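A structural walkthrough
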Amino acid sequence: MTTLIKGGTVVNADRAFRADVMCFGDKIIAVGENLEAPPHAIIIDATGQYVMPGGIDTHTHMQLPFMGTVTSDDFFTGTAAGLAGGTTTIMDFVIPAPQQSLLEAYHTWRGWAAKSAGDYTFHVAVTWWSDQVHADMGTLVRDHGVNSFKHFMAYKNAIMADDETLVHSFKRSLELGAIPTVHAENGELVFQLQKDLLARGITGAQAHPMSRPPEVEAEAANRAIAIANVLGTPVYIVHVSCEESLDAIARARAKGQRVYGEALAGHLVIDDSVYTNPDPAYARAHVMSPPFRSKHHQAALWHGLQAGNLHTTATDHCTFCADQKSMGENDFTRIPNGCGGVEERMAVIWDAGVNTGLLTPSEFVKVTSTNAAQIFNMYPRKGLIAVGADADIVVWDPAGTKTLSAATQHSKGGFNVFEGRTVKGIPSYTVAAGKVVYDNGDLRAEAGAGRHIDRPAFTSTGHKEAA
Ligand code: URQ
Ligand code: ZN
Ligand code: ZN
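This write-up is about the structure you can find in this document. (Residues numbered from 1 in each chain as written. Chains lettered and ligands numbered in written order. Predicted model: local features only at pLDDT ≥ 70, side-chain atom pairs only at ≥ 80, totals over all residues. Heavy atoms only, no water.)

1. Considering helix α2 (residues 102-113)
Between its terminal C-alpha atoms α2 stretches 16 Å, which fits the 16 Å expected from 12 residues at 1.5 Å a residue. Among all positions of α2, only L102, L103, A105, Y106, W109 and A113 are buried. Looking down the long axis of α2, one finds its buried residues gathered within 160 degrees of arc, a one-sided arrangement. Looking at where α2 begins, the residue whose side-chain oxygen comes 3.1 Å from the main-chain nitrogen of L103 is S101. (Helix = DSSP H or I, 4+ residues; strand = E, 2+ residues; numbered from the N terminus. Expected span 1.5 Å × (residues − 1). Buried < 20%, exposed > 50% of the residue type's maximum accessible area, 1.4 Å probe, protein only. Arc of directions from axis to C-beta. Polar contact = N/O pair within 3.5 Å; in protein donor to acceptor, adjacent residues only side chain to side chain.)

Below, the structure written as structure tokens:
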């Protein structure tokens, strides 16, 4: 099948230029002016619109068993929601239970993800350490296209990786040419602060941010950066939410250390007033970790994106419906952590970033797609509009508007942290693997159409050497 996107302005991370884009099968086959469509081609009129690489969300949790329940979106509904928002690839997480084989967990998640409507790939969490974990990491890199290993420095008595595990795993990642990533919060401090708050009878969702102040995140960010520095590994810090963590990244990068940071769309535009909302269910709906922060942290995160100290944007899409969140109505530590956003990410960042002049359209492409592709070694297959790249494309209508709401979202979470926000700049079409999967409100997601994306290990030359 041939699809021709005519009349638009192509926006890549390096430049924007007038060009038509021709796709055949799942690849882009031509980029240039006045391309002629062959018979029976699908024609998309992109006049006055931008033609950008499909979004890559570096951080989602579809169908995640967590805190005694399972997230509301599975791999079909979650990836379908992403396609409706212009995101054509998600990076999800295999999270083995402590003592569980990493390989066994990986195959379980691969089974769950087979129903995906869009492309997907996995970071694999290292939640414990043994010779078998050491071996499994090698198998995952060599045989399964894994080049990133996640470490939760929070969630004590669950999936928290202690320093011994961090050191072993970072060292192993370096041997394998994989990048370690971290959820940076000091789990011991969180655990103690949670106990203190409960002992004082503070049990509602307003206690959640009190148990995870910015300093708790910054300590872990500094520690992960220091461990990476001593061992000589790069490190990627997920959901950087506060100025203090950002400063740790900026300091390290200023000294030449290879540290990357990820910002969440939610942390960029939502502040901590949500936790003191008079409706306890509303406050619970916003419980995620790290928590939403006070406004000055948002300004810092935007400056981090502008300065190149934050590189990707994501959502940490991890949705739980009201009943699930109410598991913690009498004890905030039992509220399943997580919020949605996979459908809204790109429009929220365009509206808050490009429309305000904080980001150019090319910088928007960098932080919503290209940087992720390059950091995790999917580039140039993903993350740009060019001949030979995957035909993952979002046609972006800068004049289009939409009011974001749970009433119209495709996610199954039943709540929208961006509820009521009217954005200007929205997808009009999404093309995934060469198929038009979203057309002006008409979502044509197909279960199983998504593909697993192998990500080669990095070698000393920075990319996989020729075989
Ligand atoms: O910590 C994470 O990234 C997962 C478990 C989602 N939950 C959250 O609150 N961020
Ligand atoms: Zn996390
Ligand atoms: Zn997460």
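2. What to know about the site of ligand 1
Neighbouring ligand 1 are 13 residues; Y155, H183, S289, D316 and N337 lie closest to it. Interatomic distance of 2.5 Å between a side-chain N/O atom of Y155 and an oxygen atom of ligand 1. The protein chains hide 100% of the 280 Å² of surface that ligand 1 would expose on its own. Given that more than half its atoms are within 2 Å of the pocket grid, ligand 1 belongs to the largest cavity. In terms of residue class, the shell around ligand 1 is made up of five nonpolar, seven polar and one charged. (Near = heavy atom within 4 Å. Areas by Shrake-Rupley, 256 points an atom, 1.4 Å probe, with all protein chains shown as cover. 1 Å grid on protein atoms, 1.4 Å probe; cavity = no way out; pocket = protein on both sides within 12 Å on 5 of 7 lines; lining within 4 Å. Sits in = over half its atoms within 2 Å of the grid points. Nonpolar A, V, L, I, M, F, W, Y, C, P; charged D, E, K, R; others polar.)

3. With respect to the packing of helix α8 (residues 243-254) against helix α11 (residues 295-307)
It is at 9 Å that the axes of α8 and α11 come closest, and there the two elements cross at 25 degrees. Classified by the angle their axes make, α8 and α11 are roughly parallel. The handedness of the crossing between α8 and α11 comes out as left-handed. Of α11, the residues touching α8 (which contributes E243, E244 and L246) are H296, H297, A300, L301 and G304. (Axes fitted to C-alpha atoms, helices over the stretch in contact; angles between N-to-C directions. Parallel < 35°, antiparallel > 145°, perpendicular 65-115°, else oblique. Left-handed = near helix turned anticlockwise from the far one by under 90°. Contact = heavy atoms within 4.5 Å.)

4. With respect to the coordination of the zinc ion (ligand 3)
Coordination of the zinc ion (ligand 3) by the protein is provided by H59 (NE2), H61 (NE2) and D316 (OD), with metal-donor distances spanning 1.9 to 2.3 Å. The coordination sphere of the zinc ion (ligand 3) comprises four donor atoms, whose angles at the metal cover 87 to 126 degrees; the geometry is tetrahedral. (Donors = N, O, S within 2.8 Å, 3.2 Å for Na, K, Ca; no water. Tetrahedral: all angles 85-135°; square planar, octahedral: opposite > 155°, others 65-115°.)

5. With respect to the packing of aromatic side chains
Within this structure, the stated rule accounts for 13 aromatic pairs. Ring geometry for W350 and W396: centres 5.7 Å apart, planes at 45 degrees, overall tilted. Here W350, found in helix α13 (residues 345-354), pairs with W396, found in strand β18 (residues 393-403); they are 46 residues apart in sequence, far enough to count as distant. Like W350, the residue W396 is buried in the burial classification. Grouping aromatic residues by their ring pairs yields a cluster made of Y50, W350, F364 and W396. Lying over the aromatic face of F191, K156 brings its terminal NZ or CZ to 5.5 Å of the ring centre. (Phe/Tyr/Trp six-rings, centres within 6.5 Å; stacked < 30°, edge-to-face > 60°. Lys NZ or Arg CZ within 6 Å of the ring centre and 35° of its normal.)

6. Quick look at empty space enclosed by the protein
Overall, the coordinates contain five cavities of 30 Å³ or more when judged by the stated rule. Along its surface, the largest cavity is lined by 17 residues, and H61, F66, Y155, D316 and N337 are the ones closest to its centre. The residue makeup of the lining of the largest cavity, split by class, is eight nonpolar, seven polar and two charged. Considering only enclosed or pocket space, the second largest cavity measures out at about 80 Å³ in volume. Residue lining of the second largest cavity: A84, G85, E343, E344, A347, K402, L404, V423, I426, P427 and Y438, and that is the complete set. (Points joined across faces, edges and corners; volume = space filled by probe spheres on them.)

7. Focus on the environment of Y155
Within the secondary structure, Y155 sits in the loop between β13 (148-152) and α4 (163-176). For Y155, a relative accessible area of 16% corresponds to the buried category. Through-space distance from the C-alpha of Y155 to that of A252 is 26 Å; in sequence the pair is 97 residues apart. Setting aside residues up to four positions removed in sequence, Y155 forms contacts with F66, M160, H183, R212, S289 and N337.

8. Let's talk about the coordination of the zinc ion (ligand 2)
Within the protein, the atoms that donate to the zinc ion (ligand 2) are H183 (ND1) and H239 (NE2), at distances of 2.1 Å. Here the zinc ion (ligand 2) binds four donor atoms, and the angle range of 56 to 143 degrees at the metal identifies the geometry as irregular. Between the zinc ion (ligand 2) and the zinc ion (ligand 3) the interatomic distance comes to 3.6 Å. Highlighted residues: H183 in strand β14 (residues 179-183) and H239 in the loop between β15 (235-237) and α8, separated in sequence by 56 residues. Among the residues examined, H183 registers a relative accessible area of 1% and is labelled buried.

9. Quick look at the sheet that holds strand β6 (residues 42-45)
On the basis of which strands lie adjacent, the open sheet formed by four strands has the order β5-β4-β1-β6 and mixed pairing. Of all the strands in the sheet, just β5 (27-32) and β6 have a single pairing partner and so form its edges. Taken pair by pair, the neighbouring strands of this sheet meet at an average axis angle of 15 degrees, ignoring direction. Strand direction decides the pairing type here: strand β1 (residues 2-6) and β6, joined by four bridges, are parallel. Bridge pairing in β6 places T3 opposite I42. (Pairing = 2+ DSSP bridges.)

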